[in-house]
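# Geometric and topological summary
Listed here are the chains, written in short residue letters.
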Amino acid sequence: MNTQAITSSIHPVLVVGAGPVGMTTALALRRHGLPVTILEAEPQNRIRPGSRAIYIHRATLQLLEEISPGLGHRMAEHGVIWPVKRTFFRGRQVYVRHYPTPEPGTIPPFTSLPQVQIERLLYDACVQAGVQFVWSTQVDGLEVSEDAVTLVTATGDRWQARYVVGADGARSTIRRSSGIKMEGTRSVNAFVVVDIAEDPAAPMPLERVFHYQHPAMDGRNVLFVPFAGGWRIDLQLFETDDEEQYSGEAGVRAWLPRVMDAKYAERITWVSTYQFLQVVCESFADNLRRVLLVGEAAHLFAPFGARGLNSGVVDAVVAARAISQGLQAGSLDEARRAIDAFAEERRTAARYNRDAAGVALEHIQGGSVGMQLKRYVGASLSGAWTDLGRWLDEGPYGPKSGPPTGTKY
Ligand SMILES: Cc1cc2nc3c(=O)[nH]c(=O)nc-3n(C[C@H](O)[C@H](O)[C@H](O)COP(=O)(O)OP(=O)(O)OC[C@H]3O[C@@H](n4cnc5c(N)ncnc54)[C@H](O)[C@@H]3O)c2cc1C
């Protein structure tokens, strides 16, 4: 591609980062009829990390369907939907729920597939929609004026646009260069997150299973979530644990047979260890309202409730609408108001999501005497009072209530 030719013209919008949220932003912008170019630091044939998003909510599938007809259904078809979920407390089942099979041809309540597959489907949709990708192009900084942004790449190339969307992930250069800070906390203990490939000859039943205080793991919490082609296992370590002992492929091989058939220790595909950040940026746009932040560039949540990528998709759709309005505005003030509305709405949603993920963390791991007692009493009485079992089951998801009126997750 002739970079000189591109940089000499001013783009209506440039997206930085070809992760799932950057690609969703590009699709939403194309839906508004705008030409879109994505600048991506890594090469096209990169290997993306595993152990990230698997769970996509119905609302997300519906939004994907709106911005790229067929995509929501394709995503659903590539994933799995588990018909049963169970919760155990110290080895005893305290809650079970069976779901009806979704009607064929409808968007299901959720779908579960690895993020690498989600990204592949988004990429194919982007190519079909005419999104331009410029790979191996790392943005190192930016200059902003009242009516344009200039991006400067590692090789010194300059790209100009009316608007820039920073979808460049947790270590966002766009956020840092815009002087925007993150606010929040970090989980105190670590989680070991393991992906394993299913054995197609003898698969386990498709059930999401959460264990509070698994007896075989000396009381550590363990979550099992099926996804297309495999399983996600989350082991929650104690604050005093030596991470090394449980993480890495060797560490996982040592404990996995305590909670699953030993054959799965030979089927590990990815292991990551996280201490989850719970942070939201202080503003979703720069002072001049030319740079918008979306996805992990703007917020990081513990994955309980699956709010990261799901809310990144909403950020993307709202950002694209705001940019389209900004480009058509009759004055700078009107253009700014469109971006202000995006920034306000998505920051409110992100703060809600951060707090909800925090409630989930407290629910499953909170060490206060009150919370420990609540879990213990809930489990003891769950046989007589189903609501208590349901309360325990909700732990890994956080509150069921929605975000403030007028805001989507
Ligand atoms: C264990 C775990 C489980 C999760 N489970 C779920 C789940 O079930 N559901 C859910 O909704 N979310 C989940 N998430 C969160 C989800 O993975 C993230 O929200 C999502 O990956 C964020 O996507 P993104 O596009 O914002 O960022 P990224 O995926 O990080 O993409 C950023 C892109 O920007 C590029 N880039 C970075 N810097 C530059 C630069 N300077 N110039 C150009 N390009 C650049 C990067 O190379 C990358 O391609 C989970 C996360 C974890 C860790």
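Preceding this section is the structure that the text describes.
A short tour of the structure in this document, coming up. (Residues numbered from 1 in each chain as written. Predicted model: local features only at pLDDT ≥ 70, side-chain atom pairs only at ≥ 80, totals over all residues. Heavy atoms only, no water.)

## Thoughts on the overall build of the protein chain
Rule in force here: Secondary structure counts use DSSP, requiring at least four H or I residues in a row for a helix and at least two E residues in a row for a strand, with both numbered from the N terminus. Restricting the calculation to C-alpha atoms gives the radius of gyration, and the globule rule supplies 2.2 Å times the number of residues raised to the power 0.38. For every residue, the accessible area (1.4 Å probe, protein chains only) is compared with the maximum for its type, and the residue is labelled buried under 20%, exposed over 50%, or partly exposed between those bounds. The contact definition used throughout considers only heavy atoms, calling two residues in contact when any of these lie within 4.5 Å.
A tally of helices and strands in the protein chain yields 12 helices and 19 strands. Relative to the globule expectation of 22 Å for 409 residues, the C-alpha radius of gyration of the protein chain, 22 Å, shows essentially globular dimensions. With respect to the three principal axes, the spread of C-alpha positions in the protein chain is 65 × 45 × 45 Å. The buried share of the protein chain, reckoned over its 409 residues, is 54%. Look at the contacts in the protein chain between residues 6 or more apart in sequence, and 72% of them connect residues 24 or more apart.

## Concerning the site of the ligand
Basically, it comes down to this: Near, as used in this document, describes a residue that has one of its heavy atoms within 4 Å of the molecule or strand being considered. For this analysis, a polar contact is any N or O atom pair within 3.5 Å, provided that within protein one partner can donate a hydrogen and the other can accept it, and provided that sequence-adjacent residues contribute only side-chain to side-chain pairs. Reported accessibility uses the Shrake-Rupley method at a 1.4 Å probe radius. Residues are deemed covered only where the shown protein chains occlude them. Side-chain classes follow a simple rule in which Ala, Val, Leu, Ile, Met, Phe, Trp, Tyr, Cys and Pro form the nonpolar group, Asp, Glu, Lys and Arg form the charged group, and the remainder, Gly included, forms the polar group.
Around the ligand sit 34 residues, and of these Glu40, Arg46, Gln115, Leu309 and Asn310 come closest. Taking arginine 52, its side chain carries an N or O atom lying 3.1 Å from an oxygen atom of the ligand. Expressed as a share of its isolated accessible area of 1000 Å², the protein-covered part of the ligand is 91%. Looking at the shell around the ligand, the elements that each hand over two or more residues are helix 2 (20-31) and helix 9 (308-328). Element by element, the count of residues in the shell around the ligand is highest for helix 9, at three residues. For the shell around the ligand, the per-class residue count stands at 15 nonpolar, 11 polar and eight charged.

## Overview of the side chain of aspartate 241
Following the sequence through the fold, aspartate 241 ends up in the loop between strand 15 (230-236) and helix 7 (243-246). Within polar-contact distance, the side chain of aspartate 241 engages the side chain of arginine 220 at 2.8 Å. If near-sequence neighbours (up to four positions away) are discounted, aspartate 241 is found in contact with Arg220 and Tyr246.

None of the figures reported here should be taken as evidence of function without further support.
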